[in-house]
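Structural overview
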Amino acid sequence: MRGLDDIDREILSILAEDARTPYSDIAESVDRAPPTVSDRVDRLRDLGVIRRFTVDLDRSKLDAGTPVLVELAVAPDGVEGVREALRGADAVERVYVTAGDRVLAHAHVPGDVRDFLDRVLPDEGVRSRDVSLLSDSERAPGGGDVSLALSCAECGNTVTAEGESRTLDGDTYYFCCSSCEERFVERYESFADATNA
C-alpha cells in the first residue's frame, strides 16, 4: 500500500485552498497529466483523506450575527451530546473537542449569545462557559508535511506502506498486515453467512 508523496501533498494543498480548482490547473502545478491528478484525487477519496468538497463561506460578508468563540468545560460523559448539539446549530461554523473535556465552537450568533447557548446546549453536562468576541478569523488551508495514518480495521494499529487493503461489499478496509486481513475477512464472511442463513 502506497503512502502520501509530495505530489499528493501538493494536490491536497491546492484543493484545500480552492476545491474548485480544475484538474488541468492542478496538473500544471504538479507537472503531471490531468488524468493522473484525477486518479490521485480518486485514490485520496477512496482512502478517506478527502471526505468531501465543500464551500467555505465568508460570514463577514453576510448578515450572519456576532462572531464568537465559545469555550465550554464539559463533564466527560456529556462531551458527545454537547458536540452534537453545537454541530446541529446553523450559527456554528466549527466545533473542536480537546483531550481535557473542553468543547470549543466558532459561531456567528444572531441576537443574544446567552439566549442562543441556552437554546442550543443540553441542560446537563456543561460545567462552565466562556464566550469571546472575535475581531477576525482566518482559515489556514493546506495539509503541510503530512503522511497517511490509516488505522487497521482489525487491531487498530497504524497501517504503513506494507499494509493491505480489501474491498468487501463495496466498502474498503485497511489492515496493518496480512494476518489482520485474514482474521477480519474470516469474521466478516462468517457474519455474512450467518445473516444470509
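The structure contained in this document is the topic of the report that follows. (Residues numbered from 1 in each chain as written. Predicted model: local features only at pLDDT ≥ 70, side-chain atom pairs only at ≥ 80, totals over all residues. Heavy atoms only, no water.)

**Focus on the overall build of the protein chain**
- Summing up its helical and strand segments, the protein chain has six helices and eight strands in all.
- Seen in sequence order, the protein chain has helices and strands lined up from the N terminus as α-α-α-β-α-β-β-α-β-β-β-β-β-α.
- Each of the three principal axes of the protein chain carries a C-alpha extent, and together these read 55 × 50 × 30 Å.
- Taken across its 197 residues, the protein chain has 30% of its residues classed as buried.
- On the protein chain, roughly 12,700 Å² of surface is accessible, and the fraction owed to carbon and sulfur atoms is 43%.
- Charge centroids of the protein chain, computed over 23 positive and 41 negative side chains, lie 2 Å from each other. (Helix = DSSP H or I, 4+ residues; strand = E, 2+ residues; numbered from the N terminus. Buried < 20%, exposed > 50% of the residue type's maximum accessible area, 1.4 Å probe, protein only. Areas by Shrake-Rupley, 256 points an atom, 1.4 Å probe, with all protein chains shown as cover. Lys, Arg positive; Asp, Glu negative; His and termini not counted. Charge placed at Lys NZ, Arg CZ, Asp CG, Glu CD.)

**So, the environment of Ser137**
- Looking at the secondary structure, you find Ser137 in the loop between strand 4 (126-133) and strand 5 (150-151).
- Residue Ser137 is classed as partly exposed on the basis of its relative accessible area of 43%.
- Taking the C-alpha atoms as reference, Ser137 lies 8.8 Å from Pro67; in sequence the two are 70 residues apart.

**Considerations on the sheet that holds strand 1 (residues 66-74)**
- One open sheet holds the four strands; their spatial order is 2-3-1-4, and the pairing between them is antiparallel. Of all the strands in the sheet, the pair left with one neighbour each is strand 2 (92-97) and strand 4. Between one strand axis and the next, the sheet turns by 15° as a mean value, whatever way the strands run.
- Of the strand pairs in this sheet, strand 1 and strand 3 (residues 102-109) are connected by eight bridges, and their pairing is antiparallel. Each residue of the ladder has a partner; that of Thr66, found in strand 3, is Val109. (Pairing = 2+ DSSP bridges. Axes fitted to C-alpha atoms, helices over the stretch in contact; angles between N-to-C directions.)

**What about the pattern of salt bridges?**
- In the structure shown here, the tally under the stated rule is eleven salt bridges.
- Residues Arg83 and Glu80 are paired through a salt bridge, measuring 3.3 Å at the closest nitrogen-oxygen approach. Here the residue Arg83 and the residue Glu80 both occupy positions in helix 4 (residues 79-87), the gap between them amounting to three residues, near one helical turn.
- Linked by salt bridges that have partners in common, Asp5, Asp8, Arg40 and Arg43 make up one network. (Salt bridge = Lys/Arg side-chain N within 4 Å of Asp/Glu carboxyl O.)

**With respect to a negative patch on the surface**
- A cluster of acidic side chains, namely Glu182, Glu186, Glu189 and Asp193, defines a negative patch on the protein surface.
- With respect to the element layout, Glu189 can be found in helix 6 (residues 178-196). (Patch = residues over 30% accessible without salt bridge, like charges linked within 9 Å, V, L, I, M, F, W, Y side chains within 5 Å.)

**Overview of the pairing of strand 2**
- Direction of pairing for strand 2 relative to strand 3: antiparallel, over a ladder of five bridges. Bridging across to strand 3, Val95 finds its partner in Ala105.
- In this structure, the hairpin formed by strand 2 and strand 3 is closed by a connection of four residues, where Asp101 is found at a positive phi of approximately 60°.

**Digging into unusual backbone geometry**
- Despite not being glycine, Asp101 has its phi angle at roughly 60°, a positive value.
- Topologically, Asp101 is positioned in the loop between strand 2 and strand 3.
- Overall, Asp101 belongs to the partly exposed group, its relative accessible area being 27%.
- The phi angle at Asp169 is positive, at roughly 50°, despite the residue not being glycine.
- Its place among the elements puts Asp169 in the loop between strand 7 (164-168) and strand 8 (171-175).

**Side note on helix 4**
- Within helix 4 the residues assigned to the buried category are Val79, Val82 and Leu86. The buried residues of helix 4 occupy an angular sector of 70° when the element is viewed end-on, so they sit on one face. (Arc of directions from axis to C-beta.)

**Remarks on the nonpolar core**
- Judged by nonpolar contacts, the single largest core of 25 residues is most densely connected at Ile11 and Val37.
- Counting residues per element, the ones that place at least two in this core are helix 1 (6-17), helix 2 (23-30), helix 3 (34-47), strand 8 and helix 6.
- The element contributing the most residues to this core is helix 1, with five residues.
- For Ile11, the residues in contact, after removing those within four places along its chain, are Ile26, Val30, Val37, Arg40 and Val41.
- Residues Val68, Val74, Val82 and Val92 belong to the second largest nonpolar core, which totals 19 residues. (Core = buried A, V, L, I, M, F, W, Y, C linked by side-chain atoms within 4.5 Å. Contact = heavy atoms within 4.5 Å.)

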